Amino acid sequence: MEENDSEKPQDFIRAHISEDVANQKNDGRVHTRFPPEPNGYLHLGHAKSICLNFGIAKEFNGLCNLRLDDTNPSAEKVEYAKAIQKDVKWLGFDWEERLFHASDYFDQLHQWAVQLIKDNKAFVCDLNFEEMRAHRGNLTDAGKNSPFRDRSVEENLDLFAKMKAGEFDEGTKTLRAKIDMSSPNLNLRDPVIYRILHQEHPETGDQWKIYPSYDFAHGQSDSLEGITHSLCTLEFEHHRPLYDWFCENLKIHHPQQIEFARLNLNYTVMSKRKMLRLVEEGHVDGWNDPRMPTLSGMRRRGFTPASILSFCERVGLAKRENIIEMELLEFCLREDLNKCAQRRLGVLDPLKVTIANYPDGQVEELDAVNNPEEPETGTRKVSFSKTIFIDRNDFMEDPPKKYFRMAIGKEVRLKYAYYVTCLEVIKNDQGEITELICEYDPESRGGGTPDARKVKGTIQWVDSTTAVNPEIRLYERLFKVPNPDEVEEGKDYISNLNSDSLTSISNALVEASIQEMKAGEAFQLERIGYFTIDSKAQEDGNLVLNRSVAMRDSWAKKQGK
RNA sequence: AGCCUGGUGGUGUAAUGGUAGCACAGAGGUUUUUGGUACCUUCAGUCGGGGUUCGAGUCCCUGCCGGGCUGCCA
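Here goes a summary of the coordinates provided. (Residues numbered from 1 in each chain as written. Chains lettered and ligands numbered in written order. Predicted model: local features only at pLDDT ≥ 70, side-chain atom pairs only at ≥ 80, totals over all residues. Heavy atoms only, no water.)

**As for the overall build of chain A**
Operational definition: Where helices and strands are cited, they refer to DSSP runs of H or I of at least four residues and of E of at least two residues respectively, numbered from the N terminus. We compute the radius of gyration from the C-alpha atoms alone; for a globule the expected value is 2.2 Å times N to the 0.38, where N is the number of residues. Burial classes follow relative accessibility: with a 1.4 Å probe on protein chains only, a residue under 20% of its type's maximum area counts as buried, one over 50% as exposed, and anything between as partly exposed. A contact between two residues is defined here by any heavy atoms of the two lying within 4.5 Å.
On a plain count of helices and strands, chain A comes out with 14 helices and 26 strands. What you see for chain A is a C-alpha radius of gyration of 31 Å, clearly larger than the 24 Å of a compact globule of 561 residues, by over 25%. Along the longest, intermediate and shortest principal axes, the C-alpha atoms of chain A span 100 × 55 × 40 Å. By residue count, 52% of the 561 residues in chain A fall in the buried class. By sequence separation, contacts in chain A at least 24 residues apart represent 69% of the contacts at least 6 residues apart.

In structure tokens:
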């Protein structure tokens, strides 16, 4: 462990593990795993689990496996399995040679099922879905034993072998653990441990006609891999007695399951099922839509691994349900990008500016700072000429008090360029402003003057001779309410989708160097926000900028009041 | 209803019987060639009631409120 670990408070899981290590449980070894099911893309909630499992392994000089929990071939795909590995790697974690599948253990699991039958602790049940539900009882009433519960070991062995051989139709028979139909924990009322599924499996092909249930596969997989601490979310709490039951009755290494509260973020949804529907119904542009809280979507949006790691550290870890505010995520992104993103100039809504006293036909190169937070990143050249563009909302004809931007007769600084003063406003027949006529102070080249006079406002601009015109996409929260699941009778979260979550801007202008940026590379358009090149559009040869997050804007906030 | 689980500022999360702290958000300010950043200041909390104790967020009792569980999903 690192030295400063004693300084920062431990969460309840790390405290638990520290104690186990101190007591030499498992010989002081720590081994965790991240076990996603390959039935969808990883999201921010998974990132929390990934950081936890890989983070703990590292802190305790242990190991963390990546295991694909592929016990249900009906929803699982190779596409998902590949995406999962890509996302975990992207976050910066390494499972080394320890990529496993629950399906790696199908043979062993099957043997264990046979062992349970021989020990008279499991039986083949002929009840169908409805009958089984009826026998299970409910929250207040105990269940009834299955009429097939007392079959002989020999008959069970024979029937289970036939199930395995594919002699029965799906849903006609199951293998059930013989536990307790009157347990207040419904999971212990003779749970199904094998079901018949005539499905092709991505890893094992058509080898199996029966597949183990989660409960019969997960703990055993942990056990086989020598996992010491099996960390999972709260909804598995009721499954822990089952987890323990199998380890004990199979007499195998018994990892400790510990549950923690899953991550919730407001203004979005964090469930694969709900995301899948957004994708399938076309509400978003696929799993990696930049508005999705998937890791692939966030990557396309311009999030950095460092910002996500920082976020996962800050959300904390506890057993109480929580809803994190989106602002924390945005803070983490800005915090990281402020340090590492290069600055560039661009305008979203160009307004032509002619500098009356600037020489006709002259074009000069000015030095612009790449990143004021990292001076060693140096400067770049930006061109300047008689005709430039500023952002339309940086000019006002009737400015309010304390408006620092361009207005008639008011001197402002063009970032990295000159001081200019607006002389005249030109409008079209509809009364819309089409152009500003300004004059500049040649002495102010670079943004300062010999007399050191103060200029309060600094605005960004682009030069007409070199600017390029990308498509710019601005994103807002995907849902218009903090909790998308809070709906009127008869409606669901889809009705809470924010129809303004995507804004596409077609007439923006940015400095030419943006064309050299790579997809995923973060940069700041000064005073507008942090952006990255859209990877999907780039593959099609189009230049599209995604706004990852806007700058904090205390002026807008003040105006809004 | 039964079982499980949890309640600390707006949101999260610490304090393991001894000064209720930190972060984000909010408010105000200083600096600034980004109304950004940085820095400073500030607002605000132990679910209620009883008990044990010199001392309770922490232990006990009780009430209230939230979440989870009735797939051959994970």
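**A short note on helix α8 (residues 240–250)**
Where α8 is concerned, the buried positions are Leu242, Tyr243, Trp245, Phe246, Cys247, Asn249 and Leu250. Tucked inside the fold, the buried residues of α8 contact α4 (106–118), β5 (174–177), β6 (192–196), α7 (214–224), β8 (229–233) and β9 (256–260). Just beyond α8, the residue with positive phi is Lys251, at close to 55°.

**Focus: the nonpolar core**
Filter applied, for reference: Residues enter a nonpolar core if they are buried and are Ala, Val, Leu, Ile, Met, Phe, Trp, Tyr or Cys, with the set joined through side-chain atoms within 4.5 Å.
Leu44, Val88, Leu278, Ile308 and Phe311 are the most contacted members of the largest nonpolar core, which has 52 residues in total. Among the secondary structure elements, those contributing two or more residues to this core are α2 (44–59), β2 (63–68), α3 (78–90), α9 (272–280), α10 (295–301), α11 (305–314) and α12 (326–340). If one sorts the elements of this core by residue count, α2 sits on top with six residues. If sequence neighbours within four positions are ignored, Ile308 has contacts with Leu44, Ala47, Trp90, Leu91, Leu295, Met298 and Phe303. Tyr194, Tyr243, Cys247 and Ile252 belong to the second largest nonpolar core, which has 33 residues in total.

**Looking at the protein's contact with RNA strand B**
Spelled out, the test is: Throughout, near means a residue has at least one heavy atom within 4 Å of the molecule or strand. N or O atoms closer than or at 3.5 Å make up a polar contact, with two conditions inside protein: a donor-capable atom paired with an acceptor-capable one, and, for residues adjacent in sequence, both atoms drawn from side chains. Any residue outside Ala, Val, Leu, Ile, Met, Phe, Trp, Tyr, Cys, Pro, Asp, Glu, Lys and Arg is labelled polar, Gly included; the first ten of those are nonpolar and the last four are charged.
Around RNA strand B lies a shell of 66 residues, among which Arg343, Gly446, Gln524, Arg527 and Lys557 are the nearest. What you see for RNA strand B is that sugar and phosphate hold 62% of its atoms within 4 Å of the protein. In the environment of RNA strand B, a sugar or linking oxygen lies 2.8 Å from a nitrogen or oxygen atom belonging to the side chain of Asp69. Contact distances for RNA strand B include 3.0 Å between a base nitrogen and a backbone N or O atom of Leu127. When residues of the surface near RNA strand B are traced back to their parent elements, those giving at least two are α5 (129–136), β6, α12 and α14 (554–560). Counted by class, the surface near RNA strand B contains 23 nonpolar, 19 polar and 24 charged residues.

**Considering the pattern of salt bridges**
Applied cut-off: Between Lys or Arg on one side and Asp or Glu on the other, a salt bridge is scored when a side-chain nitrogen of the former is within 4 Å of a carboxyl oxygen of the latter.
Counted under the stated rule, the structure contains 40 salt bridges. A salt bridge links Lys536 to Asp285; the nearest nitrogen and oxygen atoms lie 3.0 Å apart. Residue Lys536 is located in helix α13 (residues 535–539), and its partner Asp285 is located in the loop between α9 and α10; the two are separated by 251 residues in the primary sequence. The partner of Glu364 in a salt bridge is Arg445, with the nearest N and O atoms 2.7 Å apart. Note that Glu364 is positioned in strand β13 (residues 363–369) and Arg445 in the loop between β18 (433–441) and β19 (458–459), a separation of 81 residues in sequence. For Glu364, a relative accessible area of 11% translates into the label buried.

**Regarding empty space enclosed by the protein**
Counted only if it meets this: Computed over the protein atoms alone on a 1 Å grid, cavities are sets of points where a 1.4 Å probe fits but cannot get out and pockets are open sets with protein on both sides within 12 Å along at least five of seven lines; a residue lines them when it has an atom within 4 Å of a point. Grid points are joined across faces, edges and corners, and a volume is the space filled by probe spheres set on the points.
By the definition in use, this model includes two cavities of 30 Å³ or more. Here the largest cavity defines a volume of roughly 80 Å³. What lines the largest cavity is Pro38, Leu68, Asp70, Glu76, Lys77, Val78, Ala81, His101, His201, Pro202 and Glu203. Considering only residue class, the lining of the largest cavity consists of five nonpolar, two polar and four charged. Of the volumes computed, that of the second largest cavity is approximately 30 Å³. What lines the second largest cavity is simply Tyr214, Asp215, His218, Gly219, His239, Tyr243 and Gln257.

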